[in-house]
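Given next are the chains, with one letter for each unit.
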Amino acid sequence: MLALLAGLAGCAAQNHDADINNAYQAYASDNCQQVYLHLSSAERRTRYRAPQRQPEVSLLRGLCLERQALYLDAANTYLFLQAHYPHSEYSYRAAARLETLRQLGYYQPSQD
């Protein structure tokens with residue numbers, strides 16, 4: 001029984017990795033609808049370990065929002081990453097994307 005559970009857990013992880021890989025392939029093909037589909041599937045598969053995977057999923061979602069010229073939504077996604085995962089690699093990448101959006105005039109940080 002224990003071996004069966006371990007095997008099922010391994011399959012779930014592989015399926016999640018496949019979803020993320022497929023999302024990156026769809027992004028490379030400029031197909032954000034497929035990206036969203038694969039990211040949603042990845043999130044549903046891994047709710048129990050979302051904190052480890054959510055930053056990567058959120059960054060890719062933000063990149064697609066940018067690609068679709070939804071700059072405010074992309075900026076909010078990047079701000080979410082910075083607020084909830086401040087020390088992750090993806091938070092640093094989100095900061096770089098926010099700076100790019102700022103330089104292009106699509107995002108103005110609040111002066112709180």
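See above for the structure.
Residues numbered from 1 in each chain as written. Predicted model: local features only at pLDDT ≥ 70, side-chain atom pairs only at ≥ 80, totals over all residues. Heavy atoms only, no water.

1. Examining the nonpolar core
What counts is decided by this rule: Remark: nonpolar core denotes a set of buried residues (Ala, Val, Leu, Ile, Met, Phe, Trp, Tyr, Cys) joined through side-chain atoms within 4.5 Å. The cut-offs for exposure are 20% and 50% of the maximum accessible area for each residue type, with area from a 1.4 Å probe on protein chains only; residues under the lower value are buried, those over the upper are exposed, and the others partly exposed. Secondary structure elements are taken from DSSP: a helix is a run of H or I of four residues or more, a strand is a run of E of two residues or more, and numbering for both begins at the N terminus. Two residues qualify as a contact provided that any one of their heavy atoms is within 4.5 Å of a heavy atom in the partner residue.
Val35, Leu39, Leu59, Leu60 and Tyr78 are the most contacted members of the largest nonpolar core, which totals 25 residues. For this core, the elements supplying multiple residues, two or more each, are helix H1 (2-28), helix H2 (32-45), helix H3 (50-67), helix H4 (71-84) and helix H5 (89-103). Looking at which element gives the most residues to this core, the answer is H3, with six residues. For leucine 60, the residues in contact, after removing those within four places along its chain, are Ala23, Tyr24, Tyr27, Val35 and Leu39.

2. Some details on the state of the cysteines
Test applied: Any cysteine sulfur atom paired with another within 2.5 Å is treated as part of a disulfide.
Going through the model one piece at a time under the given rule, you end up with one disulfide. For cysteine 32, the disulfide goes to cysteine 64, at an S-S distance of 2.3 Å. With the S-S dihedral at roughly -95 degrees, the linkage between cysteine 32 and cysteine 64 falls on the left-handed side. In this pair, cysteine 32 is assigned in helix H2 and cysteine 64 in helix H3, connecting sequence segments 32 residues apart.

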